[in-house]
Structure formats: C-alpha cells, structure tokens
Amino acid sequence: MYKPKLILVGEGHVGKTSIIQQFIEQKFSESYLMTVGSDKSIKDLKINGKDIKLEIWDTAGQDKYRGVNKIFMKNTKIALLVYDITEKYTFEQLKFWIDNVKEINKNENIIFGVAANKSDLFEQQVVETEEGKKFANDNNCLFFETSAKDYKSIENAFSKLAENYIEKIENKNNETNNNNINNNSNNINNNQNSQNKSEGKKDLNFENELNEKFIDKDDGKSSCSKCFIF
Ligand SMILES: Nc1nc2c(ncn2[C@@H]2O[C@H](COP(=O)(O)OP(=O)(O)O)[C@@H](O)[C@H]2O)c(=O)[nH]1
Ligand SMILES: [Mg+2]
C-alpha cells in the first residue's frame, strides 16, 4: 500500500485549508480557517485499481510567518503549491515555496502541482490562467484551476497527483528490477568467469606443479597477490 506524504504550501489566505476541507469533508466555510498545530488528514483513494493512502499535511500558520518548518516539509512525496488568482503576490511567491520544498528534500524526486485557486472569482482574476500554466510548465508541475468554494477540480487535483506518484514509483521499481536482472546476468557471467578462472587455475596449478622446480617461489607469490580484486 502506498502512503505518500502530501503537503499544501503557499501564502496565507489562498485557500489551502479550504481545499483540504472540501476534499476530506465536502464542506466549505466562508471564514478564514485557522489551522492550529500541524494538521494531518488521511484520505484513501483507489487509482487504477491500486490503493493509496494520502497523508495530507496542512501548514500550521507558517504560511503567515513564512518560517519554513523543516518537520512539515521533510519527507514530502507530493507538494501542491496554491495561489489565489485574485492576488498577484501569492502567485509571485510560488518560486519561494517550490525552492523551499526542494531545498529541504534535497535528493527526493517530488511530484509537484500548482493550484490556481478561487477560480469562482474569475471577475476579480488578476493572474491570467496562461501565466499559471507557464509557471507550472517551466517548473515541471501539474496545473489545476481549482475552486474550494465550488468543489472545482479538487478531487481531480489530488487524484492526478497520486496517479503521477504511483507511476513514478512503479517506473522506479521496474528500473530496479531491470537492474537486478542485469546484475543477475552479470552474476551468471561472473560465475562463469570465475568457473573459467578456477579451471584456468587448475591448469595453472598443474603447470606450476610441473614447473615447480623451475619457479622462484617468492616471485610466484608476489605475482599472485596481484590477482586480488576488491
Ligand atoms: N471564493 C472563494 N473563496 C475561497 C476559496 N478557497 C478559500 N476561500 C476563502 O479564502 C479564505 C482563506 O481560506 P483558507 O482555506 O483559510 O486559506 P489558507 O490560509 O491558505 O489555509 C477563507 O475566507 C475561505 O473561505 C475559493 O476557492 N473561492
Ligand atoms: Mg490554513
């Protein structure tokens, strides 16, 4: 069973808590949802017949103070970067958020998504959809136009991210399996080689036996020490 950690990051008030609340409880609240402590929700999904347990982490107000909590960011497998289409600044800060997630998870190959949230407020839209798509494209992220209020593309965003995560893991497993197959065939070759070598050794021993009288023993030893391969 896959159990990836998924975090939502972005400026305060962009709708991160609302997106999670809609996804988990199908509820929307017009008021600002105060997140106290590190809030973690679990959601079970079935993607292409595979079970996945998403562990969804909501920022505990760090968005407001911009203090990057390492525990929050650490071991992230999937990150959804959220901005508010009616607030330019929240879009401009996406680079800050993506860099932080990458910085804390140095060697991890994280699945990133961008949520252009509050799409129901299209009359007040100041960040063009194309700008959002371009950012997503340039930074290797999936792109979703969401509305936590209208439940638009919320489920789709989480499912697509989870699907990409599973694909990534399974491709990795396939690569590892292929490597193992190659290693096994190398081992077979190595075994073959060592068999040949030991056969060669027998011949050599036989030769040595024959030539014993004629070989300086110390010389024989020193040349043999070159045979060790670590
Ligand atoms: N119209 C609209 N308002 C939203 C949407 N998502 C969140 N909000 C409102 O934006 C405010 C901040 O939402 P919240 O989820 O607390 O933001 P967070 O600080 O990023 O967690 C609240 O008043 C929400 O009701 C949305 O998709 N559309
Ligand atoms: Mg919140």
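Read on for a plain summary of the structure. (Residues numbered from 1 in each chain as written. Chains lettered and ligands numbered in written order. Predicted model: local features only at pLDDT ≥ 70, side-chain atom pairs only at ≥ 80, totals over all residues. Heavy atoms only, no water.)

## Description of helix H5 (residues 94-104)
1) Next: Among the residues of H5, those classed as buried are Leu-94, Trp-97, Ile-98, Asn-100, Val-101 and Ile-104. Buried residues along H5 cover an arc of 160° about the axis, so they all sit on one side. (Buried < 20%, exposed > 50% of the residue type's maximum accessible area, 1.4 Å probe, protein only. Helix = DSSP H or I, 4+ residues; strand = E, 2+ residues; numbered from the N terminus. Arc of directions from axis to C-beta.)

## Remarks on the site of ligand 1
1) Next: By nearness alone, 22 residues border ligand 1, and Ser-18, Ser-29, Glu-30, Asp-120 and Ala-148 come closest of all.
2) Next: The backbone of Gly-15 places a nitrogen or oxygen atom 3.0 Å from an oxygen atom of ligand 1.
3) Next: Taking Asp-120, its side chain carries an N or O atom lying 2.8 Å from a nitrogen atom of ligand 1.
4) Next: Protein burial of ligand 1: of its 580 Å² of free accessible surface, 94% is covered by the chains.
5) Next: The greatest single-element share of the shell around ligand 1, amounting to 3 residues, is contributed by helix H1 (residues 16-25).
6) Next: Class assignment for the residues of the shell around ligand 1 results in 6 nonpolar, 9 polar and 7 charged. (Near = heavy atom within 4 Å. Polar contact = N/O pair within 3.5 Å; in protein donor to acceptor, adjacent residues only side chain to side chain. Areas by Shrake-Rupley, 256 points an atom, 1.4 Å probe, with all protein chains shown as cover. Nonpolar A, V, L, I, M, F, W, Y, C, P; charged D, E, K, R; others polar.)

## Brief notes about the pairing of strand S2 (residues 39-47)
1) Next: Sheet topology note: the S2/strand S3 (residues 50-58) ladder contains 9 bridges and is antiparallel. Within S3, the position partnered with Asp-39 by the bridge is Asp-58.
2) Next: Hairpin remark: S2 followed by S3, antiparallel, with 2 residues in the connecting loop; positive phi at Asn-48, about 45°. (Pairing = 2+ DSSP bridges.)

## Quick notes on the pattern of salt bridges
1) Next: Considering all chains together, one arrives at 11 salt bridges under this definition.
2) Next: For Lys-53, the salt bridge goes to Asp-44, with nearest N and O atoms at 3.0 Å.
3) Next: A residue is classified by how much of its surface remains accessible, and Lys-53, at 26% relative accessible area, is partly exposed.
4) Next: With a shortest N-O distance of 3.2 Å, Lys-118 and Asp-84 are connected by a salt bridge. One end of the pair, Lys-118, is in the loop between strand S5 (111-117) and helix H6 (129-138); the other, Asp-84, is in strand S4 (residues 78-84), and 34 residues separate them in sequence.
5) Next: You can call Lys-118 partly exposed: its relative accessible area is 21%.
6) Next: Of the residues examined, Asp-84 reaches a relative accessible area of 4% and is grouped as buried. (Salt bridge = Lys/Arg side-chain N within 4 Å of Asp/Glu carboxyl O.)

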